[in-house]
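Residue strings, one per chain:
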Amino acid sequence: MKRFFIITNGQRDEDLSVTHSLQDYISAKGGESSCYVSNKSEWGKRRLAALGKAEIDADCILVLGGDGTLVRAARDTAAFGIPLIGINLGTVGYLCELDLPMVFNAIDSLFEDNYELERRMMIEGSGFGQASTAMNDIVIHRAGNSQLINLVISVNGEYLTTCTADGIIISTPTGSTGYSMSAGGPIVDPRTELLLVTPINPQLLTMRSIVVGADAEIEVTFAKRREEFDEEADVAFDGDHMMSMKVGDTIRVKKSSEAAQILKINRLSFLQILRKKML
């Protein structure tokens, strides 16, 4: 690898000192690099997704920021088939492969094609004339008033349950260490392929996460709960608000035909990373 495209979270590298250091190092080794600086509001507008593959003409995408930056970059560039590697400028950085002290050695390894490639499952959600993809999760959450909402959940056309809660999270294995975990969902090896359905603050204490196969199609219908409220729900893809639901709307979630390609430099196993950063 010699050609790199750098995606920088401008809120994590405000003076771009890390970004410029990486570009200088790549140039000194005879490589090429270009850069895109983004912030959270721009991700919401999906400006990166508007770029064409010709503008991201690279062998590898270096993502500077945190897990959220990596997830959004992977989602918005999955169609280009360019592998990514995350450089953690945030806090935990569970998904990011590299911390700052490791960066230059990692670039040496990339120049020498010394890496492994992991393929990560993504999901797509569609309904009421809209569609989008996510690497981590699709979250349906109550909007406006503080009341719980009713969500009717079916799997492959078969009724499963009616969830009365703040909302639900449908996540990939990669997303199992994000919002789903905070809501009580299990941690899953990111290399597997399955779908997690996790309720958010459910009314029934017995309601827990449900795991279904990667070939499943999950339907969630927003059902009316109280006559006196004009109820609404928000739908977020990897933390970005993409849709709004009204009573009667249905969103369908299934495995995406696209997948994220994540580069691995170190040889740490899933359990080693879990012990190091999460336990």
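From a predicted model like this one, the values you see are computed outputs, not experimental measurements. (Residues numbered from 1 in each chain as written. Predicted model: local features only at pLDDT ≥ 70, side-chain atom pairs only at ≥ 80, totals over all residues. Heavy atoms only, no water.)

(A) Quick look at the overall build of the protein. Tallying secondary structure elements over the protein gives six helices and 17 strands in all. Here the C-alpha atoms of the protein give a radius of gyration of 20 Å, agreeing with the 19 Å that 2.2 N^0.38 yields for 279 residues. Overall size of the protein, expressed as C-alpha extent along the three principal axes, is 65 × 35 × 30 Å. Taking the contacts inside the protein whose residues are at least 6 apart along the sequence as the reference set, 70% of them involve residues at least 24 apart. Of the roughly 12,400 Å² that the protein leaves accessible, carbon and sulfur atoms contribute 47%. Taking the average place of the 28 positive charges on the side chains of the protein and the average place of its 37 negative ones, the gap between the two points comes to 2 Å. (Helix = DSSP H or I, 4+ residues; strand = E, 2+ residues; numbered from the N terminus. Rg over C-alpha atoms; globule rule 2.2 N^0.38 Å. Contact = heavy atoms within 4.5 Å. Areas by Shrake-Rupley, 256 points an atom, 1.4 Å probe, with all protein chains shown as cover. Lys, Arg positive; Asp, Glu negative; His and termini not counted. Charge placed at Lys NZ, Arg CZ, Asp CG, Glu CD.)

(B) Layout of the layout of surface pockets. The volume enclosed by the second largest pocket comes to roughly 310 Å³. Those elements giving two or more residues to the lining of the second largest pocket turn out to be strand S6 (116–127) and helix H6 (270–277). Top contributing element to the lining of the second largest pocket by residue count: H6, with four residues. Across the lining of the second largest pocket, the residue classes tally to eight nonpolar, two polar and eleven charged. (1 Å grid on protein atoms, 1.4 Å probe; cavity = no way out; pocket = protein on both sides within 12 Å on 5 of 7 lines; lining within 4 Å. Points joined across faces, edges and corners; volume = space filled by probe spheres on them. Nonpolar A, V, L, I, M, F, W, Y, C, P; charged D, E, K, R; others polar.)

(C) Structural detail: the packing of aromatic side chains. Scanning the model with the defined rule gives two aromatic pairs in all. Ring geometry for phenylalanine 4 and phenylalanine 111: centres 5.5 Å apart, planes at 40°, overall tilted. Linking phenylalanine 4 in strand S1 (residues 3–9) with phenylalanine 111 in helix H4 (residues 103–111), this pair joins segments that are 107 residues apart in sequence. Assigned by exposure class, phenylalanine 4 and phenylalanine 111 land together as buried. Above the ring of phenylalanine 111, the side-chain terminus of lysine 29 is found at 5.1 Å from the ring centroid. (Phe/Tyr/Trp six-rings, centres within 6.5 Å; stacked < 30°, edge-to-face > 60°. Buried < 20%, exposed > 50% of the residue type's maximum accessible area, 1.4 Å probe, protein only. Lys NZ or Arg CZ within 6 Å of the ring centre and 35° of its normal.)

(D) How the structure looks around empty space enclosed by the protein. Throughout the structure, instances matching the rule amount to two cavities of 30 Å³ or more. Within this model, the largest cavity holds a volume of roughly 50 Å³. Those elements that place two or more of their residues in the lining of the largest cavity are strand S10 (158–165) and strand S12 (194–200). Classifying every residue of the lining of the second largest cavity by side-chain character gives three nonpolar, two polar and three charged.

(E) Region of interest: the side chain of glutamate 97. Its location among the elements puts glutamate 97 in the loop between strand S4 (84–88) and strand S5 (98–99). Of the polar contacts made by the side chain of glutamate 97, one reaches the side chain of lysine 264; its length is 3.0 Å. A polar contact of 2.7 Å, which involves the side chain of glutamate 97, links it to the backbone nitrogen of isoleucine 265. Those residues in contact with glutamate 97 that sit more than four places away from it in its chain are Ile85, Gly86, Met102, Leu263, Lys264, Ile265 and Asn266. (Polar contact = N/O pair within 3.5 Å; in protein donor to acceptor, adjacent residues only side chain to side chain.)

(F) Region of interest: the nonpolar core. Counting residues in hydrophobic clusters, the biggest one holds 30 residues, and the most contacted among them are Ile140, Ile168, Ile218 and Ile251. By residue number, the principal contributor to this core is strand S9 (residues 149–155), which donates four residues. Leave out the neighbours within four places in its chain, and isoleucine 251 touches Gly125, Ser126, Ile138, Ile140, Ile218, Glu219, Val220, Val235, Phe237, Met243 and Met245. Counting residues in hydrophobic clusters, the runner-up holds 25 residues, among them Phe5, Leu70, Val71 and Leu274. (Core = buried A, V, L, I, M, F, W, Y, C linked by side-chain atoms within 4.5 Å.)

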